[in-house]
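Summary of the model geometry
Listed below are the residues making up each chain.
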Amino acid sequence: MDSTELEARGYRNGCDDDRLTCHCYVAILNTIFDSYDPWAGDISSRDQGSLVAFEDGSTTSYALLNAQERGLMFVSPGQDVYKGQIVGIHQRPGDLAINVCKKKAPTNVRSNKETTVVLDEPLSYSLDDCIEYIQEDEIVEVTPASIRMCKNPKISKKK
C-alpha cells in the first residue's frame, strides 16, 4: 500500500471546495499523525469567482439557461433574488455580474415556437458550506426561511 504525506491544515477545505463544484462525491480518508511542521504560510483560497445578480426580481429559466454557461448556479427558476446576491460559482477567477431575472422578449406570435429549457440542478449548500465559500468581500445572510450569500455592500462601495 502506498503512503503519502499531506498537510492536514488545508486538506479538508480543499475537499469541500471540490465538493461544491462536483455533482457526485466519494472520498475515503485514513490518517495517522506524523509530526508538527513549521508554519507554511496562508492557506490558499478558492480560485473561482462568484456569479452575482445585478438586479432585484424573480429568476427566470430563460436567464438561467444563459447564466449556467458561465458557471454552476445556486438558484432555480422562480426564486426571488436581489442586487448583489451570489447566485452561482463563476468558472473563471473574478466575479461576474449577471442578469438572472431577464425575461424572453415577445416576438411575432405566429412564428414563436415554445422551446423546452433544460437546466442543470442548482447546487445545494449548508451554512458551513457558505461560510467556507465566501471571501473577504462577501457575507452570509441567515434567515428562518433561507441561507444566502451576497457581496458586502460596505466593501463594494469602497472599490
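Moving on, we come to the sheet that holds strand E3 (residues 71–73). Pairing between sheet strands relies on hydrogen bonds along the backbone, with the strands arranged either parallel or antiparallel. Spatial strand order, E3-E5-E1-E6: four strands in an open sheet with mixed pairing. The outermost strands of the open sheet, each flanked by one partner alone, are E3 and strand E6 (96–98). Averaged over all adjacent pairs, the angle separating strand axes in this sheet is 35°, with direction ignored. Judged from the three bridges that link them, E3 and strand E5 (residues 86–90) form a sheet pairing that is antiparallel. Looking at the pairing, Leu 72 lines up with Ile 89 of E5.

Turning our attention to the pattern of salt bridges. This structure, assessed with the given rule, holds four salt bridges. Two residues, Asp 137 and Lys 151, come together in a salt bridge whose shortest N-O distance is 3.0 Å. Residue Asp 137 is located in the loop between helix H3 (127–133) and strand E7 (138–142), and its partner Lys 151 is located in strand E8 (residues 147–151); the two are separated by 14 residues in the primary sequence. Each of Asp 95, Asp 137, Glu 138 and Lys 151 takes part in one network of salt bridges that share partners.

The next subject is the packing of aromatic side chains. For the structure shown, the criterion picks out two aromatic pairs. Between the aromatic rings of Phe 74 and Tyr 125, the centroid separation amounts to 5.0 Å while the plane-to-plane angle is 70°, which identifies the pairing as edge-to-face. Of the two residues, Phe 74 is situated in the loop between E3 and strand E4 (80–81) and Tyr 125 in the loop between E6 and H3; the sequence distance between them amounts to 51 residues. For the ring pair Phe 74 and Tyr 133, a centre distance of 5.8 Å and an interplane angle of 90° mean the geometry is edge-to-face.

On to the nonpolar core. Membership of the largest hydrophobic core is limited to eleven residues, which are Leu 51, Ala 53, Leu 64, Ala 67, Met 73, Val 75, Val 81, Val 87, Ile 98, Val 100 and Cys 101. Contributing elements (two or more residues each) for this core: strand E1 (50–53) and helix H2 (61–67). Discounting residues that sit within four places of it in the chain, Val 87 has contacts with Leu 51, Val 52, Ala 53, Leu 72, Met 73, Phe 74, Val 75, Val 81, Ile 98 and Val 100.

Bringing the side chain of Glu 138 into the picture now. Secondary-structure assignment places Glu 138 in strand E7. Among the residues examined, Glu 138 registers a relative accessible area of 3% and is labelled buried. For Glu 138, the side chain forms a polar contact with the side chain of Ser 50, separated by 3.0 Å. Side chain to side chain, Glu 138 and Lys 151 meet in a polar contact 3.0 Å long. In this view, Glu 138 contacts Arg 46, Ser 50, Ile 86, Asp 95, Tyr 133, Cys 150, Lys 151 and Asn 152; residues no more than four positions away in its chain are not counted.

What counts, and at which threshold
- Residues numbered from 1 in each chain as written.
- Predicted model: local features only at pLDDT ≥ 70, side-chain atom pairs only at ≥ 80, totals over all residues.
- Heavy atoms only, no water.
- Pairing = 2+ DSSP bridges.
- Helix = DSSP H or I, 4+ residues; strand = E, 2+ residues; numbered from the N terminus.
- Axes fitted to C-alpha atoms, helices over the stretch in contact; angles between N-to-C directions.
- Salt bridge = Lys/Arg side-chain N within 4 Å of Asp/Glu carboxyl O.
- Phe/Tyr/Trp six-rings, centres within 6.5 Å; stacked < 30°, edge-to-face > 60°.
- Core = buried A, V, L, I, M, F, W, Y, C linked by side-chain atoms within 4.5 Å.
- Buried < 20%, exposed > 50% of the residue type's maximum accessible area, 1.4 Å probe, protein only.
- Contact = heavy atoms within 4.5 Å.
- Polar contact = N/O pair within 3.5 Å; in protein donor to acceptor, adjacent residues only side chain to side chain.

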